[in-house]
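Overview (structure and organization)
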Amino acid sequence: MEVDKLVTVYGFSLFDIESGQQLPSTFKAPRAVIEQDFQGTVMEGTAELVDAQALDELGRFRRVATAWGELT
């Protein structure tokens, strides 16, 4: 992975109107996307560097679960 193609993503929480509480998101995103697009609250300490190409068109990062490691 090249350093100039990395982006920092964070876990975050969103306010759920139905339950009246903050709930964790099921994906990570860059801080600016969380604050501007999702109006979420960044969970500090959840930072992770990922390849920028791993983000979808909305800036979301979802880890692909594998049994033994990265897919090739």
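Everything numeric here is computed off the predicted structure, so don't read it as measured data.

**With respect to the pattern of salt bridges**
The final tally for this structure, using the stated rule, is 5 salt bridges. The partner of Arg 63 in a salt bridge is Glu 48, and the shortest N-O contact between them spans 1.8 Å. Here Arg 63, found in the segment after β5 (48–51), pairs with Glu 48, found in strand β5; they are 15 residues apart in sequence, far enough to count as distant. Within this structure, Lys 28, Glu 48 and Arg 63 form a network of salt bridges that share partners.

**Topic: the pairing of strand β2 (residues 12–16)**
The sheet contact formed by β2 and strand β4 (residues 41–42) spans 2 bridges and is antiparallel. The residue of β4 that forms the bridge with Phe 12 is Val 42. Between the antiparallel neighbours β2 and strand β3 (residues 21–24) lie 4 residues, among them Gly 20 with a positive phi of about 75°.

**Quick look at the nonpolar core**
Formed by Tyr 10, Phe 12, Phe 27, Ala 29, Val 33, Ile 34 and Val 42, the largest nonpolar core amounts to 7 residues. Sequence-distant contacts of Ile 34, that is, excluding residues within four places in its chain, are made with Tyr 10, Phe 12, Ala 29, Gln 39, Gly 40, Thr 41 and Val 42.

**As for the packing of aromatic side chains**
A complete count under the given rule lists 3 aromatic pairs for this structure. With a centroid separation of 5.4 Å and 75° between ring planes, the pair formed by Phe 12 and Phe 27 is classed as edge-to-face. Of the two residues, Phe 12 sits in strand β2 while Phe 27 sits in the loop between β3 and α1 (31–36), which places them 15 residues apart along the sequence. Residue Phe 12 is classed as buried on the basis of its relative accessible area of 1%. Between Phe 27 and Phe 38 the ring centres are 5.4 Å apart and the planes differ by 65°, which places this aromatic pair in the edge-to-face class. One end of the pair, Phe 27, is in the loop between β3 and α1; the other, Phe 38, is in the loop between α1 and β4, and 11 residues separate them in sequence. Judged by relative accessible area, which is 23%, Phe 38 ranks as partly exposed. Here the aromatic cluster, defined as three or more aromatic residues joined through ring pairs, consists of Phe 12, Phe 27 and Phe 38. The ring of Tyr 10 carries Arg 31 above its face, with NZ or CZ at 4.6 Å from the centroid.

Quick notes on the rules
- Residues numbered from 1 in each chain as written.
- Predicted model: local features only at pLDDT ≥ 70, side-chain atom pairs only at ≥ 80, totals over all residues.
- Heavy atoms only, no water.
- Salt bridge = Lys/Arg side-chain N within 4 Å of Asp/Glu carboxyl O.
- Helix = DSSP H or I, 4+ residues; strand = E, 2+ residues; numbered from the N terminus.
- Pairing = 2+ DSSP bridges.
- Core = buried A, V, L, I, M, F, W, Y, C linked by side-chain atoms within 4.5 Å.
- Buried < 20%, exposed > 50% of the residue type's maximum accessible area, 1.4 Å probe, protein only.
- Contact = heavy atoms within 4.5 Å.
- Phe/Tyr/Trp six-rings, centres within 6.5 Å; stacked < 30°, edge-to-face > 60°.
- Lys NZ or Arg CZ within 6 Å of the ring centre and 35° of its normal.

As far as function goes, none of this settles anything; it's purely spatial.
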